[in-house]
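# Observations on the model geometry
In case you want the letters, here they are:
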Amino acid sequence: MSYSKVEKPGYFGEFGGSFVPPQLQEALNYLEKQYNLYKDDPVFNKEFRYYLKEYIGRDNPLTYAEKLTEKLGGAKIYLKREDLNHTGSHKINNVMGQILLAKRMGVKRIIAETGAGQHGVATATGCAMFGMDCVVYMGAEDVRRQALNVFRMELLGAKVVSVSNGQGRLKDAVDAALTDYMESYEHTFYLLGSAVGPHPYPTMVKHFQSVISEESKAQILEKEGRLPDAVIACAGGGSNAIGAFAHYIDKPSVRLIGVEPDKAPTLTEGVPAEIHGFKTLALIDEDGNPKKTYSIAAGLDYPGIGPEHSSLKVSGRAEYYSVTNEEVLEAFQVLCKEEGVIPALESAHAVAYTLKLAPTLDKEQLLIVNVSGRGDKDVQEVFELLKQKKS
Ligand SMILES: *Cc1c(COP(=O)(O)O)cnc(C)c1O
């Protein structure tokens, strides 16, 4: 049985596709052609591998979490250490792939959207290194809340454009970036930050992020001589999860588990809908507009999800669960104390589900938990949240 095969380019079962104005479709068609031209090109891939190693610091380890395993008394737990990448998360894998593609296309201007600022910082980093102009669209409200990340992007040479339309949030930044792209695509590359959006983005982002499972598979085979029983990752737009799943999707013995916040439960409660130019499971209100979501992890605060996850959910190939803020805060502290790893609050969602699952499994079972990023950015927030809880 084969799962989540792309039947038509850009479709995953009934999900995906591209629902955009004709002018933007023209830009996307051009991008798709260029992507297809380079993705299997040996010279392009050699260059991609070079920067993964020399700039991002890959391969990152698959660390055996010995104390956590003993504490939980069940399955053997391994941590895939995306937190050790340059800039501190998996986001730079995708940024590097897309920037190299832009370079091949002869483009010198990069635009991106960002919510909390993580993707903006990763994009600004890549642009600094390759000497490209970088414009990052960010909602006015997010600019205010994430002043330090705005400053980081500026230090790295990017221009941050504050978008005051709508609610001044991620959605409005996406709209502004798309408007720019429609008018500028002949000399501008839109570097999208997750496995969402119209085709070819979900396919392209998965391709660049699949290095996560390519590595983890080789590493677990070397350490244990067999595939894991489950892979667990958090899901916001779904890029770290699809990258962590990619090389196991056609291995039915490996359970694929995505974890989302209970206040943004796209896959556990979403319905088929069209948002931001593609079809997916999404949280929408009676008028068909994206619902407001909330998560203590800004990176998971999105009412939609990459279309391939919707397909994996509907086909039953992957499982998705939600965890509460309480459980995430607990998991954050457990990973700090047991393993000396401070996870991003996003990644702590995957850890939270692991704390529930591992004790129910026997000692021969193997789990891989994708630690999508480091938690230094979240320490202040966790400090505040724990202080509130005590008082
Ligand atoms: C942005 C981010 C996420 C969420 O994005 P996905 O596309 O779902 O991976 C998860 N973890 C970290 C550390 C992030 O920065």
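This one's a predicted model, so the numbers in the text were calculated from it and none came from an experiment.

Let us now look at the domain arrangement of the protein chain. Quite often, the size of an interface is put as the accessible area lost when its parts meet. Parsing the protein chain into structural domains produces domain 1 (15-49 + 91-205) and domain 2 (57-89 + 209-390). Centre-to-centre, using C-alpha coordinates, domain 1 lies 23 Å away from domain 2. Listed per partner, the contact involves 26 residues of domain 1 and 33 residues of domain 2. Among the residues of domain 1 in contact with domain 2, F15, F19 and N93 are the three that bury the most area, contributing 28% of the side total. The interface formed by domain 1 and domain 2 holds two salt bridges in total. Here R49 ties to E214 by a salt bridge, and the two come within 3.0 Å at their closest N and O atoms. Here domain 1 and domain 2 share eight residue pairs in polar contact (both at pLDDT 80 or more) between them. Going through the elements one at a time, β2 (15-16), α4 (91-104), α5 (118-130), α8 (170-184) and α9 (201-209) are the ones with two or more residues in the side of domain 1 that touches domain 2. Looking at the side of domain 1 that touches domain 2 element by element, the count peaks at four residues for α4. In the side of domain 1 that touches domain 2, the residues fall into eleven nonpolar, eleven polar and four charged.

In the region of the ligand, 18 residues are neighbours, and K91, S194, G238, S239 and S372 sit closest. Between the ligand and the protein, one listed contact pairs an oxygen atom with a backbone N or O atom of G238 at 2.8 Å. Side-chain polar atom of S239 to an oxygen atom of the ligand: 2.7 Å apart, as the coordinates give it. Contact with the protein chains hides 97% of the accessible area of the ligand, taken as 380 Å² for the molecule alone. Broken down by class, the residue content of the shell around the ligand amounts to four nonpolar, twelve polar and two charged. If you count residues domain by domain, the shell around the ligand takes at least three from each of domain 1 (15-49 + 91-205) and domain 2 (57-89 + 209-390).

What counts, and where the lines are drawn
- Residues numbered from 1 in each chain as written.
- Predicted model: local features only at pLDDT ≥ 70, side-chain atom pairs only at ≥ 80, totals over all residues.
- Heavy atoms only, no water.
- Domains from an automatic or database assignment.
- Contact = heavy atoms within 4.5 Å.
- Buried area = accessible area lost by both parts, 1.4 Å probe.
- Salt bridge = Lys/Arg side-chain N within 4 Å of Asp/Glu carboxyl O.
- Polar contact = N/O pair within 3.5 Å; in protein donor to acceptor, adjacent residues only side chain to side chain.
- Helix = DSSP H or I, 4+ residues; strand = E, 2+ residues; numbered from the N terminus.
- Nonpolar A, V, L, I, M, F, W, Y, C, P; charged D, E, K, R; others polar.
- Near = heavy atom within 4 Å.
- Areas by Shrake-Rupley, 256 points an atom, 1.4 Å probe, with all protein chains shown as cover.

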